[in-house]
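Chain by chain, the residues run as shown.
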Amino acid sequence: MLTFIRRKWFTLPALSTQKTKSLETRLVYLKALKSEILSKEQAVYDALNKDFKKSEFETYVSEFSLVISQLNLAIKNLNKWAKPKRVSSSIITFPSKDYIYKEPYGNVLIISPWNYPFLLALEPLIMAVSAGNTVVLKPSELTTHTSQLLTGIIKTVFPEDYVTSIQGDAQVSTELLAKKWDYIFFTGSVPVGKIVAEAAAKHLTPVTLELGGKSPCIIDDTAKLKLAAKRIVWGKFFNAGQTCIAPDYVIIKRTIKQEFIELLKHEIIDFYGENPKESADFPRIINEKNTQRLANMLKETNVVFGGIVEETTNYIAPTLIDEPALNSEVMNDEIFGPILPILTYETKEDIHRIVTNFDKPLSLYTFSNDKNFIEHILNTYSFGGGVVNDVLIHFSNHKLPFGGVGSSGMGAYHGKLSFDTFSHSKAIIKRGNWLDPSMRYAPYKNKLNFIKKIFKYFS
Ligand code: NAD
């Protein structure tokens, strides 16, 4: 299958001729990409709607607008980001001028998932190109319409030996991973993340892994409960819960659980009506396999709202589960769908027992007005990133690093940090010739005491 790809693309001559390093070239292509994407705006909405009935509104706010703002950011700041950065020199290097030079890693492989198929393919791609790399993108095979569209856009804008999109499944991904890359950027599940890390290790290729996990949402009895319910319903059921940073489950103070469940029900009906299946704003599960996986999670649990599964249309209603056991199916793995388990606590030890039952999550959310409680949670648990009194929105500030820790991922990106992610930082000293103290040169006799004094003074 890949013989033709091998011949054609694995030389990626655009880089070997140094063409992609030119800032003018990068800017020309970034601008062309922006203009092509803008001209395909409606096609993007249509593709995502065909793939899993995602609404135009959600596609705009969570994919299209973010891609355009990444492009704007890169176009505006590229010259500044790419410029060698002067740092102060040290007494040891004096006289000198010291710099950090940014250089592209080289040939970058980006493997992207289906859940935000437009954004999670293009955001890293934009920054890899900004940093001067060549790119091979492998978009998800599960969102066929979006992957087709992405491939078309890339083909229109870039020469094949500069940036290219190769569509295919795990088999194609495996073949691509067997090649030697200069950088691999992977977004997807934890099990596949391990496969990617193993493949990268064979060639000592640096890698960013943007993975998932079970992200808790902890609510104490000082929280503004109605607002918390509204924000959690928004973040949990956005994209039908198929969001890596969606709150996976709630841990709430036992005394306010019942009131909270009633508020959640009210908000779900307010958002999607009595029958969310009829709502144009509520997407479908990506495929039959995932619908089946989620349906299995509902077995032998106490469903207090929703719970309707229609396998023929991949529909699962927004669902609330009351107090599932920690060893139940729904608490076993990342949910990644519109099912919200609600667990309770009495003491901080209860919270600790639940949160530490799982690997370090990608996100953690706290709803509280008690500063001590908030700081306790933030300082006790390790997680990729989070929000106090809201969910998801830390993703939207490009000045904040986005990434996991432990099994939820390694490395981070967004904004300028994405440019740095795809660049090697080269340390350069430009040494002056007008002074050359003899202290460092042999013979060392009678020099050590003086050197120690200097070291003491300056350290
Ligand atoms: P996935 O791991 O199944 O697939 C991701 C990509 O890997 C796809 O392009 C797929 O073709 C490829 N792939 C699948 N199996 C492979 C294999 N055996 N070898 C090599 N490549 C393989 O993930 P998904 O189902 O597309 O996405 C859902 C997962 O991604 C969830 O766990 C979610 O939390 C995570 N995710 C994380 C982020 C983040 O930014 N941290 C964002 C979105 C999704």
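Keep in mind the model is a prediction, meaning the values are calculated, not measured. (Residues numbered from 1 in each chain as written. Predicted model: local features only at pLDDT ≥ 70, side-chain atom pairs only at ≥ 80, totals over all residues. Heavy atoms only, no water.)

Q: I would appreciate a short explanation of the environment of Ser-130 in the present structure.
A: Mapped onto the elements, Ser-130 comes out in helix α6 (residues 119–130). Between the alpha carbons of Ser-130 and Ser-423 there is a distance of 9.5 Å; along the sequence they are 293 residues apart. If sequence neighbours within four positions are ignored, Ser-130 has contacts with Arg-26, Leu-30, Ala-74, Leu-78 and Phe-419. (Helix = DSSP H or I, 4+ residues; strand = E, 2+ residues; numbered from the N terminus. Contact = heavy atoms within 4.5 Å.)

Q: Would you explain the sheet that holds strand β17 (residues 409–410) in this entry?
A: The strands making up a sheet associate through backbone hydrogen bonding, with each pair oriented either parallel or antiparallel. Sheet architecture is open: six strands sit in the order β5-β4-β3-β6-β7-β17, paired in mixed fashion. Every other strand in the sheet has two partners, leaving β5 (163–165) and β17 as the edge strands with one partner each. In terms of strand pairing, strand β3 (residues 107–111) meets strand β6 (residues 183–187) through four bridges, oriented parallel. Paired with Ile-110 across the bridge in β6 is Phe-185. (Pairing = 2+ DSSP bridges.)

Q: Even after reading the chapter, I still don't get the side chain of Glu-334, so can you show me in this structure?
A: Relative to the elements of secondary structure, Glu-334 occurs in the loop between α13 (329–332) and β14 (339–345). Despite its burial, Glu-334 pairs with no opposite charge; the closest candidate is Arg-293, at 7.3 Å N-O. Ignoring anything within four residues of it in the chain, the contact list for Glu-334 reads Gly-212, Gly-213, Lys-214, Cys-244, Asp-248, Arg-293 and Met-297. (Buried < 20%, exposed > 50% of the residue type's maximum accessible area, 1.4 Å probe, protein only. Lys, Arg positive; Asp, Glu negative; His and termini not counted. Salt bridge = Lys/Arg side-chain N within 4 Å of Asp/Glu carboxyl O.)

Q: Got a minute to help me understand the packing of helix α3 (residues 23–39) against α6 in this structure?
A: The description of two helices packed together rests on the angle between their axes and the distance between the axes. Packing of α3 against α6 leaves a shortest axis separation of 9 Å and a crossing angle of 155 degrees. One element, α3, and the other, α6, form an angle in the roughly antiparallel class. For the pair α3 and α6, contact is made by Arg-26, Leu-30, Leu-33 and Ile-37 and by Leu-122, Leu-125, Ile-126, Val-129 and Ser-130, respectively. Classifying every residue of the contact of α3 with α6 gives seven nonpolar, one polar and one charged. (Axes fitted to C-alpha atoms, helices over the stretch in contact; angles between N-to-C directions. Parallel < 35°, antiparallel > 145°, perpendicular 65-115°, else oblique. Nonpolar A, V, L, I, M, F, W, Y, C, P; charged D, E, K, R; others polar.)

Don't take any of this as a statement about function, it's just geometry.
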